[in-house]
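Remarks on the overall topology
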Amino acid sequence: MLMLKAMPSTAGDPARDAVPATKMRLSIHSEGSRGLRFLLDRGAHSVFLACALVVVALIVGILVFLSLRGFAAFLPLAGNTGRTLSFAEVFLSTEWAPSSDKFGILSFMAGSLSVTMLALLVAAPSGILTAVFVTLLAPGWMKTLMRQVMDLLVGIPSVVYGIFGLTFLLPLISAKWLKDSPAAGFFAAACILMVMIVPTIVSLSMDAFEALPRTLDEGALALGSTRWQSIWRVLIPAASPRLLTAVVLGMGRAIGEAMAVQMVIGNNPAWLSLMREATDRAPLIRFLFTPAATLTTELVQELPNTAAGSAWNNVLFAMGLLLFLMTMGIILATRRLGQRGAV
Amino acid sequence: MPITDHQEQKPVKLRARNLDFSYGDKKVLDGISMDIFAEQATAIIGPSGCGKSTFLKCFNRIHEVSSEVRVAGDLEIDGVDIFRGGIHEVELRRRVGMVFQKPNPFPKSIYENVVFGPKLFGVRDRDILDGIAEESLRKAALWDEVKDRLKESAMSMSGGQQQRLCIARALAVNPEVLLMDEPCSALDPIATAKIEELIFELKKEFTVLMVTHNMQQAARVSDYTAFFWLGRLIEMGPTERIFTNPRDRMTEDYISGRFG
Ligand SMILES: Nc1ncnc2c1ncn2[C@@H]1O[C@H](COP(=O)(O)OP(=O)(O)O)[C@@H](O)[C@H]1O
Ligand SMILES: [Mg+2]
């Protein structure tokens with residue numbers, strides 16, 4: 001490297017022309033490899049560029065495909081074999097009966113919202129409180145341990161959670177609380193989702209608290225706060241934009257999850273009417289333990305059985321597009337929140 | 001070693017006797033004995049790392065929150081022992097306010113910053129809180145600048161304003177002692193002058209114990225000056241005497257800028 005830099009300036013200098021032959025050869029050699037490296041650089045550059053372009057093209061392609069197929073239900077496109085639907089009958093109706101030409105997906109939207117909110121109801125406060133405890137109250141080694149455990153949990157494939165729910169959680173609930181009647185429904189799904197998103201929320205909330213300047217805590221204590229007063233009145237509010245981001249990202253994960261939910265939710269598209277009819281049980285019990293369905297579970301269940309171009313198939317794609325837009329919205333929202341938190 | 005050479009009329013507010021202090025195994029203060037008089041400003045000077053901040057923080061025990069500390073010797077406020085359970089640390093911190101080196105306002109409104117302390121102690125009445133806020137901000141010479149924007153975030157203020165807000169926040173709980181750890185080190189000269197003026201006013205009402213690395217500042221605002229070196233109190237006396245006629249060779253070298 002040194003020789004490379006020295007080469008041009010020493011060329012005409014008589015005092016330095018007496019460079020030993022070995023060194024000369026070395027410098028000539030590095031001149032040659034410089035050309036090679038230049039080519040390699042160019043080559044690598046093109047390879048990386050090509051990779052990036054392929055990835056971008058793929059993503060854009062998927063987006064375009066999803067949008068086209070998603071809107072196909074509402075437009076009289078050439079490939080359609082069924083009739084063209086209206087937005088209202090799809091998004092504002094709860095009646096889902098493709099065989100009798102009813103394509104209302106409102107109940108799936110409500111299902112997705114229900115499991116997600118139920119899961120967040122427990123996961124958000126418990127995740128944040130865990131982070132409070134681990135970052136602000138517990139000894140340092142516990143923080144390290146918790147980080148590792150959380151990272152581990154985030155990496156577990158969702159089907160594993162599903163299997164756990166199916167073989168362990170459902171029989172347990174059914175035996176303990178339901179006198180052996182089936183336990184599939186929002187409750188079990190929310191439990192599984194909760195376990196899945198808590199690590200995300202804990203991990204991001206820990207980041208939020210660790211990012212706070214120590215002087216904030218000291219300032220509160222110096223005014224005569226107790227440990228808890230400092231946490232409640234200063235640290236949690238100060239971290240709240242990032243805590244909200246943590247919760248919203250957990251929410252995004254919950255909405256998009258299909259496999260684990262599908263294994264425990266019971267997959268009943270007509271859950272609303274079933275819930276209405278089962279009047280022998282208390283409303284809350286009915287809500288929690290009636291087999292139900294969400295946008296994702298319905299997609300996974302039905303997409304393989306439908307013919308391309310049929311109204312049924314098109315509506316399922318519209319559901320996929322809706323999920324995509326919701327997740328996108330969530331990511332954009334967290335960006336916003338993150339920016340506000342940085343100020 | 002004489003604690004001070006001056007016959008002070010004011011009572012002793014804070015007293016340290018043979019105070020040793022360590023972070024873990026690292027000894028930082030070594031046998032400090034010192035009297036701090038009520039309604040006077042006492043400045044601690046000395047090269048950085050000599051334990052000034054540590055000594056200051058002993059009086060509100062704030063460093064125990066984040067560090068493993070060991071203490072030997074006596075520390076008293078109004079004759080009551082500080083370390084051995086004579087007073088609960090929350091009560092202690094209420095009586096001994098602190099202003100930090102870097103302004104540390106809470107990310108809340110200006111108003112909420114000032115009334116934070118009173119609210120902690122259960123004051124709920126809006127009128128009383130408003131009164132406390134105004135009085136504290138006036139004492140901190142900040143009222144005229146912020147009276148029309150009390151609802152704005154404290155983070156939108158300048159550094160000097162933030163530091164005065166932190167002083168107002170400390171005053172709002174009506175402390176007896178005010179600890180200030182290089183309160184101007186992060187500020188520009190104009191903001192510094194304002195804070196110095198303020199300290200001059202505050203010491204009429206409170207006991208002020210401040211750390212400064214700026215000797216002119218110590219000379220301008222303090223009644224007493226203590227010189228620390230390597231965790232030891234080398235010399236303490238009336239500020240004027242310390243700066244005109246230091247008794248210890250090291251003090252003389254330090255204030256004349258020969259080291260540190
Ligand atoms: N929390 C802490 N843990 C361990 N050592 C510390 C801590 N705070 C300060 N020290 C050490 O104690 C010594 C005195 O520090 P400090 O009181 O901050 O000095 P000064 O304020 O005079 O600059 C320094 O050597 C510093 O490194
Ligand atoms: Mg210091």
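Residues numbered from 1 in each chain as written. Chains lettered and ligands numbered in written order. Predicted model: local features only at pLDDT ≥ 70, side-chain atom pairs only at ≥ 80, totals over all residues. Heavy atoms only, no water.

Counting secondary structure elements, chain A contains 14 helices and two strands. Buried positions account for 41% of the 343 residues belonging to chain A. Contacts in chain A between residues far apart in sequence, at least 24 positions, make up 72% of those at least 6 positions apart. Roughly 18,500 Å² of accessible area belongs to chain A as shown, and the carbon and sulfur atoms make up 71% of that amount. (Helix = DSSP H or I, 4+ residues; strand = E, 2+ residues; numbered from the N terminus. Buried < 20%, exposed > 50% of the residue type's maximum accessible area, 1.4 Å probe, protein only. Contact = heavy atoms within 4.5 Å. Areas by Shrake-Rupley, 256 points an atom, 1.4 Å probe, with all protein chains shown as cover.)

A few words on the pattern of salt bridges. Residues and elements named next belong to chain A. Under the definition given, this model contains 33 salt bridges over all chains. The salt bridge partner of Glu210 is Lys143, with a shortest N-O separation of 3.7 Å. Residue Glu210 is located in helix α7 (residues 186-210), and its partner Lys143 is located in helix α5 (residues 140-154); the two are separated by 67 residues in the primary sequence. Assessed through its relative accessible area of 26%, Lys143 is described here as partly exposed. (Salt bridge = Lys/Arg side-chain N within 4 Å of Asp/Glu carboxyl O.)

Residues and elements named next belong to chain B. Read across the sheet, six strands follow the order β6-β7-β8-β3-β9-β10 without closing on themselves; strand pairing throughout is mixed. Looking at the sheet topology across the chains shown, the edges are occupied by β6 (96-99) and β10 (232-238). Strand-to-strand, the axes of this sheet are offset by a mean angle of 15°, without reference to chain direction. Pairing of strand β3 (residues 41-45) with strand β8 (residues 207-211) involves four bridges; the strand directions are parallel. Bridging across to β8, Ile44 finds its partner in Val211. (Pairing = 2+ DSSP bridges. Axes fitted to C-alpha atoms, helices over the stretch in contact; angles between N-to-C directions.)

All right, on to the site of ligand 1 then. Residues and elements named next belong to chain B. All residues adjacent to ligand 1 are Tyr23, Lys26, Val28, Ser48, Gly49, Cys50, Gly51, Lys52, Ser53, Thr54 and Ser67. Here a nitrogen atom of ligand 1 sits 3.3 Å away from a polar atom, N or O, in the side chain of Tyr23. Taking Cys50, its main chain carries an N or O atom lying 3.3 Å from an oxygen atom of ligand 1. In the complex, 63% of the free accessible area of ligand 1, which totals 560 Å², lies under the protein chains. (Near = heavy atom within 4 Å. Polar contact = N/O pair within 3.5 Å; in protein donor to acceptor, adjacent residues only side chain to side chain.)

Residue and element names in this part refer to chain B. Taken together, the four strands give an open sheet; going across it, the order is β2-β1-β4-β5, and neighbouring strands pair in antiparallel fashion. Sheet topology places β2 (26-37) and β5 (80-81) at the edges, where each strand pairs with a single neighbour. Two strands pair when backbone bridges link them, and strand β1 (residues 12-23) and β2 are joined in this way by eight bridges, in the antiparallel orientation. Across the sheet, the residue bridging to Val12 is Phe37, located in β2.

Further remarks concern the interface of chain B and chain A. The partner chain A presents 18 residues to the 23 residues of chain B that form the contact. Put simply, chain B and chain A have zero salt bridges between them. The tally of links from chain B across to chain A stands at two residue pairs in polar contact (both at pLDDT 80 or more). Elements with a contribution of two residues or more to the side of chain B that touches chain A: α2 (89-95), β6, α4 (116-120) and α7 (159-171) of chain B. Classifying every residue of the side of chain B that touches chain A by side-chain character gives 14 nonpolar, three polar and six charged. (Nonpolar A, V, L, I, M, F, W, Y, C, P; charged D, E, K, R; others polar.)

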